[in-house]
Amino acid sequence: MEQTVLSQSEIDSLLEAMNSGEISEEILEEPNQPKVKPYDFRRPVRLSKEYLSTISMVLEDFAKISVNQLSSKLRSPVDMSMVSIEQVSFDEFVHSVPKFALLGTMTSEPQSGVQIIEINSSIAMRMVEILCGYDSGSRFKEDTGKTSFTEIELAILDDMINVFANSFQNVWRDIIDLNTKVDSVNTNPQLLQSMSPNEPVVLATFNISLSETSTFVNLCIPYVFFE
């Protein structure tokens, strides 16, 4: 192909048009040059942006339903909103969980996989205090030295995990009828063996606020649930 040689005035006009935004730099790229995008195999992307956007809307409704049920149970105002949603590996999720946290595992038949709800220990203990007669007029003091839940606290918090399980079941009602049940309540993320380390999951992070305590709740859903 014959190459066109531009004069200096044409080059100056072209550069001026690029600086002003009249011409995009993309036009000047070689048409046959392959475009390479970085891909991290440790964080596999299985769901398209459009599909992930739909899931995001569903999970925003999950937060609204959870707020209504939690407020009714705790008889105290609760605020919860989705902060982010991303695709990561199960191993990444496990390593992001602090050593002291409340972890509830759930199954939702007929869909495959195990869903995991992670509740930060500070908000979990706040729930226990309120359910045990915490006086809303006094200031709550967090026990920073606490490293585990007692059996009584776990029994109380089991009811809170069931609230999230019910919300998860109800939010999919218009799409599919699920039978969501809580399988177990754990406190150590290293004991979670429900998936292989490299299995892709959708991780939704919510901000939750309850009586002067604000922290995060994470919902981990395996890719096989959507597949």
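Up top is the structure these notes are about.
Residues numbered from 1 in each chain as written. Predicted model: local features only at pLDDT ≥ 70, side-chain atom pairs only at ≥ 80, totals over all residues. Heavy atoms only, no water.

### Some thoughts on the packing of aromatic side chains
Applying the stated criterion to the full structure yields 11 aromatic pairs. Relative to phenylalanine 206, the ring of phenylalanine 62 lies with its centre 5.5 Å away and its plane at 55°, an arrangement referred to as tilted. You can see phenylalanine 62 sitting in helix H2 (residues 49–74) and its partner phenylalanine 206 sitting in strand S5 (residues 200–210), a full 144 residues away along the chain. The two residues phenylalanine 62 and phenylalanine 206 agree in class, both being buried. Taken together, a centroid distance of 5.2 Å and an interplanar angle of 85° make the contact between phenylalanine 225 and phenylalanine 226 edge-to-face. Owing to a relative accessible area of 3%, phenylalanine 225 belongs among the buried residues under this scheme. Taken together, the aromatic side chains of Tyr51, Phe62, Phe164, Phe168, Trp172, Phe206, Phe225 and Phe226 make up a single cluster linked through ring pairs. (Phe/Tyr/Trp six-rings, centres within 6.5 Å; stacked < 30°, edge-to-face > 60°. Helix = DSSP H or I, 4+ residues; strand = E, 2+ residues; numbered from the N terminus. Buried < 20%, exposed > 50% of the residue type's maximum accessible area, 1.4 Å probe, protein only.)

### Brief notes about the sheet that holds S5
Across the sheet, six strands lie side by side as S1-S5-S6-S3-S2-S4; this open sheet has antiparallel pairing. One side of each edge strand has no neighbouring strand; the edge strands of this open sheet are strand S1 (78–89) and strand S4 (179–186). Strand after strand, the sheet turns through a mean of 20° between neighbouring axes, direction not considered. As judged from the four bridges shared by strand S3 (residues 114–120) and strand S6 (residues 213–222), these two strands associate in the antiparallel manner. By the bridge assignment, isoleucine 116 is partnered in S6 with cysteine 220. Running at roughly 75° to S3, helix H4 (residues 121–131) makes contact with strand S2 (101–109), S3, S5 and S6 of the sheet. With respect to the sheet, helix H5 (residues 151–171) is in contact with S1, S2, S3, S4 and S6, its orientation differing from that of S4 by roughly 150°. (Pairing = 2+ DSSP bridges. Axes fitted to C-alpha atoms, helices over the stretch in contact; angles between N-to-C directions. Contact = heavy atoms within 4.5 Å.)

### Some remarks on H5
In this model, H5 (21 residues) spans 30 Å end to end at C-alpha, consistent with the 30 Å of a helix rising 1.5 Å per residue. Buried within H5 are the following residues: Glu153, Leu157, Met160, Ile161, Val163, Phe164, Ala165, Ser167, Phe168 and Val171. (Expected span 1.5 Å × (residues − 1).)

### Let's talk about unusual backbone geometry
Between glutamate 109 and the following residue, proline 110, the backbone shows a cis peptide bond with an omega angle of 10°. One can find proline 110 in the loop between S2 and S3. The phi torsion at serine 211 lies on the positive side, around 45°, for a residue other than glycine. Along the chain, serine 211 falls in the loop between S5 and S6. Even without glycine at this site, glutamate 212 takes up a positive phi of about 75°.

### Remarks on the pattern of salt bridges
Under the criterion given, the structure shown has one salt bridge. For aspartate 159, the salt bridge is made with lysine 73, and the minimal N-O distance between the two is 3.3 Å. Separated by 86 residues along the polypeptide, aspartate 159 in helix H5 and lysine 73 in helix H2 bring together distant segments of the chain. The exposure class of aspartate 159 is partly exposed, given its relative accessible area of 32%. Exposure remark for lysine 73: the relative accessible area of 41% places this residue in the partly exposed category. (Salt bridge = Lys/Arg side-chain N within 4 Å of Asp/Glu carboxyl O.)

### Details of the pairing of S5
With nine of 11 residues buried, S5 is to be regarded as a mostly interior element. Relative to S5, S1 runs antiparallel, the two being bridged by 11 bridges. Paired with valine 88 across the bridge in S5 is valine 201. The sheet contact formed by S5 and S6 spans 10 bridges and is antiparallel. Residue pairing in the sheet places valine 201 in a bridge with proline 222 of S6. Adjacent in sequence and paired antiparallel, S5 and S6 are bridged by two residues, among which serine 211 carries a positive phi angle near 45°.

The analysis is restricted to geometry; functional conclusions fall outside its scope.
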